[in-house]
Amino acid sequence: MSKRSKTPGSPRGARPFDPAEFLETAAKGRIISTHPKKQIIFAQGDVADAVIYIKKGKVKVTVVSKQGKEAVVAILGTDEFLGEGCLIGQPKRLATATAMTDCVTMRVDKADILQVLQDEPTFSKMFISHILARNARIEEDLVDQLFNSTEKRLARVLLLLANFGKEGRPEPIVAKISQETLAEMIGTTRSRVSHFMNKFRQLGFIDYNGHLEVHSSLLSVVLNDQKSNTVMPPRL
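These numbers come from a predicted model, not from an experiment.

Draft legend 1. Representation of the packing of helix H4 (residues 150-161) against helix H5 (residues 179-186). At a closest axis distance of 10 Å, the pairing of H4 and H5 adopts a crossing angle of 110 degrees. Considered as vectors, H4 and H5 are oriented roughly perpendicular to each other. Our pair here, H4 against H5, has a crossing hand that is right-handed. Judged by residue contacts, Thr150, Arg153, Leu154, Val157, Leu158 and Leu161 of H4 engage Leu182, Met185 and Ile186 from H5. Tallied by class, the residues present in the contact of H4 with H5 amount to 7 nonpolar, 1 polar and 1 charged.

Draft legend 2. Layout of the pattern of salt bridges. A full pass over the atoms with the stated rule returns 9 salt bridges. Note that Lys55 and Glu24 form a salt bridge whose closest N and O atoms lie 2.8 Å from each other. A residue pair is termed long-range when its members are at least 10 positions apart, and Lys55 in strand E3 (residues 50-56) and Glu24 in helix H1 (residues 19-24) qualify at 31 residues. Residue Arg156 is joined to Glu140 by a salt bridge in which the shortest nitrogen-to-oxygen separation is 3.3 Å. A residue pair is termed long-range when its members are at least 10 positions apart, and Arg156 in helix H4 and Glu140 in helix H3 (residues 121-147) qualify at 16 residues. Judged by relative accessible area, which is 45%, Glu140 ranks as partly exposed. Taken together, the shared-partner salt bridges in this structure form one network comprising Glu140, Asp141, Asp144 and Arg156.

Draft legend 3. Molecular detail of the environment of Lys176. Within the secondary structure, Lys176 sits in the loop between H4 and H5. In this structure Lys176 comes out as exposed when scored by relative accessible area, which is 72%. Distance from Lys176 to Met100, taken between C-alpha atoms, is 7.6 Å for residues 76 residues apart in sequence. Lys176 has contacts with Lys37 and Met100, leaving out every residue within four places of it along the chain.

Draft legend 4. Local environment of H4. Its 12 residues give H4 an end-to-end C-alpha distance of 17 Å, which sits within 8% of 16 Å, the value for a rise of 1.5 Å per residue. By the criterion of burial, H4 is predominantly enclosed, with 11 of the 12 residues buried. Those residues of H4 not exposed but buried are Thr150, Glu151, Lys152, Arg153, Leu154, Ala155, Arg156, Val157, Leu158, Leu159 and Leu161. One or two positions beyond H4, positive phi appears at Asn163, with a value near 60 degrees.

What counts, and where the lines are drawn
Residues numbered from 1 in each chain as written. Predicted model: local features only at pLDDT ≥ 70, side-chain atom pairs only at ≥ 80, totals over all residues. Heavy atoms only, no water. Axes fitted to C-alpha atoms, helices over the stretch in contact; angles between N-to-C directions. Helix = DSSP H or I, 4+ residues; strand = E, 2+ residues; numbered from the N terminus. Parallel < 35°, antiparallel > 145°, perpendicular 65-115°, else oblique. Left-handed = near helix turned anticlockwise from the far one by under 90°. Contact = heavy atoms within 4.5 Å. Nonpolar A, V, L, I, M, F, W, Y, C, P; charged D, E, K, R; others polar. Salt bridge = Lys/Arg side-chain N within 4 Å of Asp/Glu carboxyl O. Buried < 20%, exposed > 50% of the residue type's maximum accessible area, 1.4 Å probe, protein only. Expected span 1.5 Å × (residues − 1).

Dropping the structure here:
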């Protein structure tokens, strides 16, 4: 169990609180679990009593309407949280979280994470940064859906899945993501996704070599402000 940071009345020399250690160490109120691909981590309608931290892997978050229609609302990866709704009083899960790859997660009970958010400024700062980044991404998704073409929406989603911008260059997309899933994420049909995926491959923006590789040149689609859907290959 990790040690808490020095507080008033604590012995001098106590180790400072380390958020990374807290999220790496199982203890009372913190459970580390492994999930094989396609396993449900929590389901829509389950009791919302904990926050989940993704230590490894990709997680798909989906919502099913009363009519039975499913929509993909997010795909989250390593070092991201999900299920934060419990912290603002949501009694039930509003979505289903499913492992897209083999995953390792930490489940932190609601009471424990509220306590550490109150007691540890370093953890609070990290968690707030996560919430703000997630909120900004949701706003970008809304603008994307309202104003951008199908081609731009698909390009943006592929760049996000490849973690473009986090380490300076896109990474291979390890999780196998179907065209149906991509279509749900950007609000279009599978045939439209297939059309633009083929187009991106022909232009050299993506590759299929057992896994999907996204190249930085795909960014030209997102940055293209022309009304035409015709995208020219970038100059070398």
